[in-house]
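# Geometric and topological summary
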Amino acid sequence: MKRSLVSLAYALGLPVVLVTVWWLATRDATSIFVPRPTELVAELVGTWAGERLFTDVLPSLARFAAGTGAAIVLGILVGLVTGLNSGLRAFCEPVFEFFRAIPPPVLIPVFGLVIGVSDSMKVAVIVAGAVWPVLLNTVEGVRAVDAVQTETSRAYGIHGFNRVRYQILPAAAPQILAGVRQALPIGIVLMVISEMFFSSSGLGFSIIQFQRRFAVPEMWSGILVLGLVGIAVSIVFTMVERRVLHWYHGLKELDNAS
Amino acid sequence: MGRTMPRPGNGGPPLLRRALLGTAGVLTFLGAWEVTSRTGIVDPAYLPAASEVLAALVSNATLTGFWEAAGRTVTSWALGMLLALLLAVPLATVVGLWPFLQRTTRSTVEFLRPIPSVGLIPLAVLLLAEPLQQSLLIITYGAFWQVFVQVLYGVADVDPVATSTARSYGFTGWQRVRDVVLPSALPFLLTGIRLASAVALILAVTAELVIGTPGLGNQIALAKDAGLYASTYALALATGLLGVVINAGVRAAERRLLSWHQSVRGDAS
């Protein structure tokens, strides 16, 4: 009980200090660029809790989820196929490495040309940007699977789907999740930028609109919403990772203890 | 002869075969692109053939404007990285060495780190007048956290035996940091730099596309608006090549600086 109270105090201490300093510093401020804490919270509720939640925030999140989800599935599937076949891997690697090196926002104007301006273009941009870290990490993970494990699977006659399901995927999981961790921020960045570019709705679009109209408090609240989305995504990822890799973290703890 | 040779095992195909297969892969990709455009599966007006795009890339490479734009992109990338390093390394070292600070800052770091730095674009535009400064704010914010978190892990990972040894030999605090903490955190720092350099390039190009800071990203937007689609694709490829060069450079630096470290020495043998 006492220990959890202490860690709560540690977690809240600095944020409380910072917000207090911010509040005191802006209490008599007249600059329109610097928001006050109370104003920002009011703006957050007033601007985003109503209609905008359904017209801007949720569609943005849906595009992000669809694009990133597809990128993860596609990356793991292609990564598995490529990683299991050394010839195919050598064949694909230079092209994959090149695509990974292209800064994904560059794809937005290009995809705008090929697909046109639509929701599917935004999802396609997210997929095309977020797939590479997952794909290349899956290839690496599959490649690094322990040879003794592979021989054991073979000796026990575990082939094909079962081998992928029970040996390869678990062994590559830490690496695959490291790729997913890199893919998530890319997905968010592409969601926002594709909306800033071609859109009439969405989080990125609204924030740019607020800035152009000099609606500074609204703009700040938009940045805050974006930050909250980033934090929520990172919390969900950590929870999923802990669940999927609980055996791995357990092993590492054993390693560290010994 | 194959029968008497031992199986190559997990090492993969030999170098020459890999190079040949890789080249074949690139050629196949370019061929597929050429066919898709020439046969009109995708409207050739919007997806120019690979040969046209490569020709546009070559003719771009003869123009000073292209190199100037590439230079500007690299400059804002490099300045952003430098700022991020100058801020992140000392801060993370201090926070990492002092458990009290680490505990108090954890929640704030976890809150600030995932904020997508493209969200700061409108803020940068409002607060800063100079386009380069606007870019730098965004690049530095994104790159900072990559380096900061890695260095924090690295400083926490220092072998306690090494620290106590240094202490019993009478090392001063500064000597301990310089000779014990920083070398053992170096692999983490370099990983952070590698991750940050990719993020920084993405953000540099993003700022150019969205804000219009001069550079390759801005050239892409201009080429597209002017209807020069082959050039648009050529410039997109050029940013990819820039990414490859930066990545290769960072990896080479990593190998050089860590030549003493197990992870690199193990590779060589």
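Thresholds applied
Residues numbered from 1 in each chain as written. Chains lettered and ligands numbered in written order. Predicted model: local features only at pLDDT ≥ 70, side-chain atom pairs only at ≥ 80, totals over all residues. Heavy atoms only, no water. UniProt positions renumbered as here; feature names shortened; annotations may be inferred. Domains from an automatic or database assignment. Contact = heavy atoms within 4.5 Å. Buried area = accessible area lost by both parts, 1.4 Å probe. Helix = DSSP H or I, 4+ residues; strand = E, 2+ residues; numbered from the N terminus. Buried < 20%, exposed > 50% of the residue type's maximum accessible area, 1.4 Å probe, protein only. pLDDT = per-residue confidence, 0-100. Salt bridge = Lys/Arg side-chain N within 4 Å of Asp/Glu carboxyl O. Polar contact = N/O pair within 3.5 Å; in protein donor to acceptor, adjacent residues only side chain to side chain. Phe/Tyr/Trp six-rings, centres within 6.5 Å; stacked < 30°, edge-to-face > 60°. Lys NZ or Arg CZ within 6 Å of the ring centre and 35° of its normal.

- Chain B goes by ABC-type nitrate/sulfonate/bicarbonate transport system permease component in an unreviewed UniProt entry, where it is assigned to Myceligenerans xiligouense.
- Listed in UniProt under the heading Sequence similarities (unreviewed entry), the comment for chain B reads: "Belongs to the binding-protein-dependent transport system permease family."
- Quoted verbatim from the Subcellular location (unreviewed entry) field of the UniProt record, the comment on chain B reads "Cell membrane".

- An unreviewed UniProt entry annotates chain A as ABC-type nitrate/sulfonate/bicarbonate transport system permease component originating from Myceligenerans xiligouense.
- Under the Subcellular location (unreviewed entry) heading, UniProt states for chain A: "Cell membrane".
- Checking UniProt for chain A, the heading Sequence similarities (unreviewed entry) contains the comment "Belongs to the binding-protein-dependent transport system permease family."

## A word on the domain arrangement of chain A
Residue and element names in this part refer to chain A.
- What the domain assignment lists for chain A is domain 1 (1-30) and domain 2 (33-256).
- When each unit is reduced to the centre of its C-alpha atoms, the spacing between domain 1 and domain 2 is 32 Å.
- At the interface, six residues of domain 1 touch five residues of domain 2.
- Both faces combined, the contact of domain 1 with domain 2 buries some 480 Å², and carbon together with sulfur accounts for 67% of it.

## A few points about the environment of A:Lys252
Residue and element names in this part refer to chain A.
- Inspection of the secondary structure puts Lys252 in helix α11 (residues 246-257).
- Classification of Lys252 as partly exposed rests on a relative accessible area of 41%.
- Residues Lys252 and Val123 lie 129 residues apart in sequence; the distance between their C-alpha atoms is 37 Å.

## Topic: the confidence of the model for chain A
- Taken over all residues, the pLDDT of chain A has a mean of 85, while the share at 70 or more is 98%.
- For chain A, α11(A) is the element with the lowest average pLDDT, namely 74, and helix α6 (residues 119-143) of chain A is the one with the highest, namely 91.

## Regarding the UniProt feature "transmembrane region" (unreviewed entry) in chain A
- The residues that UniProt annotates with the feature "transmembrane region" (unreviewed entry) are residues 7-25, 64-85, 106-132, 184-208 and 220-240 of chain A.
- Segment residues 7-25 of chain A splits into 100% helix and 0% strand. End C-alpha atoms: 28 Å apart.

## Examining helix α5 (residues 107-115) of chain A
- Residues of α5(A) that are buried: A:Leu107, A:Ile108, A:Pro109, A:Val110, A:Gly112 and A:Leu113.
- Phi turns positive, to about 90°, at A:Gly116, one or two residues after α5(A).

## Some words on the interface of chain A and chain B
- Opposite the 50 residues of chain A that make contact, chain B presents 52 residues.
- Summed over both sides, the interface of chain A with chain B buries roughly 4,600 Å², with 79% coming from carbon and sulfur.
- The interface formed by chain A and chain B holds one salt bridge in total.
- A salt bridge links A:Glu93 to B:Arg18; the nearest nitrogen and oxygen atoms lie 3.5 Å apart.
- Along the contact surface separating chain A from chain B lie two residue pairs in polar contact (both at pLDDT 80 or more).
- At the level of elements, α1 (2-26), α4 (86-101), α5, α8 (160-197), α9 (203-212) and α10 (216-244) of chain A are the ones that each hand at least two residues to the side of chain A that touches chain B.

## A closer look at the UniProt feature "domain: ABC transmembrane type-1" (unreviewed entry) in chain B
- Residues annotated in UniProt with the feature "domain: ABC transmembrane type-1" (unreviewed entry) correspond here to residues 70-254 of chain B.
- Overall, residues 70-254 of chain B shows 85% helix and 0% strand. The separation of its end C-alpha atoms is 24 Å.

## Structural notes on the packing of aromatic side chains
- Counted according to the given criterion, the structure contains 13 aromatic pairs over all chains.
- Residues A:Phe99 and A:Trp132 carry aromatic rings whose centres are separated by 5.4 Å and whose planes lie at 20° to one another, so their mutual orientation is stacked. Of this pair, A:Phe99 sits in helix α4 while A:Trp132 is found in helix α6, placing the two residues 33 residues apart along the sequence.
- For A:Trp132, a relative accessible area of 14% gives the class buried.
- Between B:Tyr46 and B:Tyr229 the ring centres are 5.9 Å apart and the planes differ by 50°, which places this aromatic pair in the tilted class. Residue B:Tyr46 is found in the loop between α1 (15-38) and α2 (50-61), and its partner B:Tyr229 is found in helix α10 (residues 229-257); the two are separated by 183 residues along the sequence.
- Judged by its relative accessible area of 36%, B:Tyr46 falls in the partly exposed class.
- Using a relative accessible area of 21% as the deciding quantity, one classes B:Tyr229 as partly exposed.
- Directly above the aromatic system of A:Tyr166 lies the positively charged group of A:Arg165, at a separation of 4.8 Å from the ring centroid.

## Re the UniProt feature "domain: ABC transmembrane type-1" (unreviewed entry) in chain A
- Mapped onto this structure's residue numbering, the UniProt feature "domain: ABC transmembrane type-1" (unreviewed entry) falls at residues 57-241 of chain A.
- As annotated, residues 57-241 of chain A has a helix share of 87% and a strand share of 0%, and its two end C-alpha atoms lie 25 Å apart.

## A look at the UniProt feature "transmembrane region" (unreviewed entry) in chain B
Residue and element names in this part refer to chain B.
- Within this structure's numbering, the places UniProt gives as "transmembrane region" (unreviewed entry) are residues 53-70, 77-99, 193-216 and 228-250.
- In the segment residues 193-216, helix accounts for 79% and strand for 0%; the C-alpha atoms at its two ends are 22 Å apart.
- As annotated, residues 228-250 comprises 96% helix and 0% strand, and the C-alpha atoms at either end are separated by 33 Å.

## Describing the pattern of salt bridges
Residue and element names in this part refer to chain A.
- Overall, the coordinates contain twelve salt bridges over all chains when judged by the stated rule.
- Between Arg143 and Glu140 there is a salt bridge, with its nearest N and O atoms 3.7 Å apart. Highlighted residues: Arg143 and Glu140, both in helix α6, separated by three residues, approximately one helical turn.
- Among the residues examined, Arg143 registers a relative accessible area of 36% and is labelled partly exposed.
- The structure contains a network of salt bridges with shared partners spanning Arg63, Asp119, Lys122 and Glu195.

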